[in-house]
Amino acid sequence: MLEVSGLKKGFGSGSNRLEVLKGVDLSLRKGELVALMGPSGCGKSTLLNIIGGLLRADQGSIKIESKPPMAYGTKAPNQVIDVRRKGVGWIFQDFHLLNHISSVENVILSLELAGVEAREAETRAKSAMERVELADRMNFMPNELSGGQQQRVAVARAIAGSRPLLLADEPTGNLDVKAGESIISLFKELCADPNDPISVLMVTHDPILASKADRMLLMRDGKTAASDIRSAWGETTGDAE
Ligand SMILES: Nc1ncnc2c1ncn2[C@@H]1O[C@H](COP(=O)(O)OP(=O)(O)OP(=O)(O)O)[C@@H](O)[C@H]1O
Ligand SMILES: [Mg+2]
């Protein structure tokens, strides 16, 4: 459902030029949870930002199978509004919830910002909160929830718009082991949902969590390649940084 080919991106110019992505190829099937690993500064967030339509690539193409299909890559962010509104949902390390409105209102607000009418937004937000098993916490303020629960609200917000692809940049970075594992299980459930399967591309520094994904990819030298648990361990304990 996601096809990335020949993606290149560099920053700066002249002697300050830094080539970060040097021809990234990757694809995700519907319902797949893929973990992306690699040393700090290798370009994982840059890749996610381009797939998420926040940054343009210098070269290459991205396709998302959706209705209608989306094709971009080198288009400027203001030309890929649909990618951000309907294509991808985001999960960040530090939840990014608004603390002065309730958890369900966080989900409603993001739907409304994406153009969903108020009553429809409320219905969809409530059902998303049920899918992440927070039906009994809808009216809690974010700071009345545990870290794991706050991340679940962020997941509800990301899936509420029926976006086919979830981009998660170190989603468990601020969680303890148990809460982190429960977020991964939630991703897996959402991927396996026969009614509305999503796909997840997740950056993580934790090889154990990565090994729970369907597949692991390792980014090095500006490209991604299939990885197994052993090289993933090597990458985080070796001299890569
Ligand atoms: N807007 C920018 N301008 C200049 N350089 C940038 C910019 N964004 C990222 N970079 C550089 O690109 C490289 C890749 O950064 P990126 O944030 O993608 O790494 P990362 O793999 O996500 O690292 P981490 O694991 O630490 O989050 C870094 O060297 C960074 O300094
Ligand atoms: Mg990063």
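Predicted model only: the values in this text are computed from it and were never measured.

A. Molecular detail of the sheet that holds strand 5 (residues 70-72). Spatially, 4 strands are ordered 2-1-4-5 in an open sheet, and the strand pairing comes out antiparallel. Of all the strands in the sheet, just strand 2 (18-28) and strand 5 have a single pairing partner and so form its edges. Each adjacent strand pair in this sheet contributes to an overall mean axis angle of 15°, direction not counted. Examined bridge by bridge, strand 1 (residues 2-11) and strand 2 share 8 bridges and lie antiparallel to one another. Looking across to strand 2, one finds that Phe11 is bridged to Leu18.

B. The arrangement of the sheet that holds strand 9 (residues 215-220) in detail. In space, the 6 strands of this open sheet follow the order 6-7-8-3-9-10, with mixed pairing throughout. The two strands at the open ends of the sheet, each matched to only one other strand, are strand 6 (88-92) and strand 10 (223-227). Between one strand axis and the next, the sheet turns through 25° on average, direction left out of account. As paired strands, strand 7 (residues 165-169) and strand 8 (residues 199-203) are joined by 5 bridges and run parallel to one another. Within strand 8, the position partnered with Ala168 by the bridge is Met202. The strands touched by helix 1 (residues 44-51) within the sheet are strand 3 (33-37), strand 6, strand 7, strand 8 and strand 9, with strand 7 carrying the most contacts at an inclination of about 155°. Helix 6 (residues 177-192) rests against strand 3 and strand 8 of the sheet, and its axis sits at about 155° to strand 8.

C. Main features of helix 4 (residues 118-131). Taking 1.5 Å of rise per residue, the 14 residues of helix 4 would be expected to cover 20 Å, and the 20 Å separating its terminal C-alpha atoms lies within 8% of that figure. Buried residues of helix 4: Ala121, Ala125, Ala128 and Met129, and no others. Projected down its long axis, helix 4 carries its buried residues within an arc of 100°, all on one side. The exposed residues of helix 4 that point more than 90 degrees off its buried face are Arg119, Glu120 and Thr123. Looking at the buried side of helix 4, the elements it contacts are helix 3 (103-113) and helix 5 (147-160). Positioned one or two residues after helix 4, Glu133 has a phi angle of 60°, which is positive.

D. Highlighting the environment of Leu28. Along the chain, the position of Leu28 falls in strand 2. Separated by 31 residues in sequence, Leu28 and Gln59 place their C-alpha atoms 20 Å apart. Apart from the residues lying within four places of it in its own chain, the contact partners of Leu28 are Met1, Leu2, Val34, Ser199 and Leu201.

E. Expanded view of the packing of helix 3 against helix 5. Closest axis-to-axis distance for the helix 3/helix 5 pair is 9 Å, and the angle between their directions is 25°. As far as their axial angle goes, helix 5 and helix 3 are roughly parallel. In the crossing of helix 3 with helix 5, the sense of the turn from one axis to the other is right-handed. Of helix 5, the residues touching helix 3 (which contributes Ser103, Asn106, Val107, Ser110 and Leu111) are Val153, Ala156, Arg157 and Ala160. Among the residues making up the contact of helix 3 with helix 5, the classes are represented as 5 nonpolar, 3 polar and 1 charged.

F. Spatial organisation of unusual backbone geometry. At the junction of Lys67 and Pro68, the peptide bond is cis and its omega measures out at -5° in the coordinates. Within the secondary structure, Pro68 is located in the loop between strand 4 (59-64) and strand 5. One non-glycine residue, Glu170, adopts positive backbone phi at about 50°. For Asp221, which is not glycine, the phi torsion reads 50° and is therefore positive.

Cut-offs applied
Residues numbered from 1 in each chain as written. Chains lettered and ligands numbered in written order. Predicted model: local features only at pLDDT ≥ 70, side-chain atom pairs only at ≥ 80, totals over all residues. Pairing = 2+ DSSP bridges. Helix = DSSP H or I, 4+ residues; strand = E, 2+ residues; numbered from the N terminus. Axes fitted to C-alpha atoms, helices over the stretch in contact; angles between N-to-C directions. Contact = placed C-beta atoms within 7 Å. Expected span 1.5 Å × (residues − 1). Buried ≥ 20, exposed ≤ 12 C-beta atoms within 10 Å, placed from the backbone. Arc of directions from axis to C-beta. Parallel < 35°, antiparallel > 145°, perpendicular 65-115°, else oblique. Left-handed = near helix turned anticlockwise from the far one by under 90°. Nonpolar A, V, L, I, M, F, W, Y, C, P; charged D, E, K, R; others polar.

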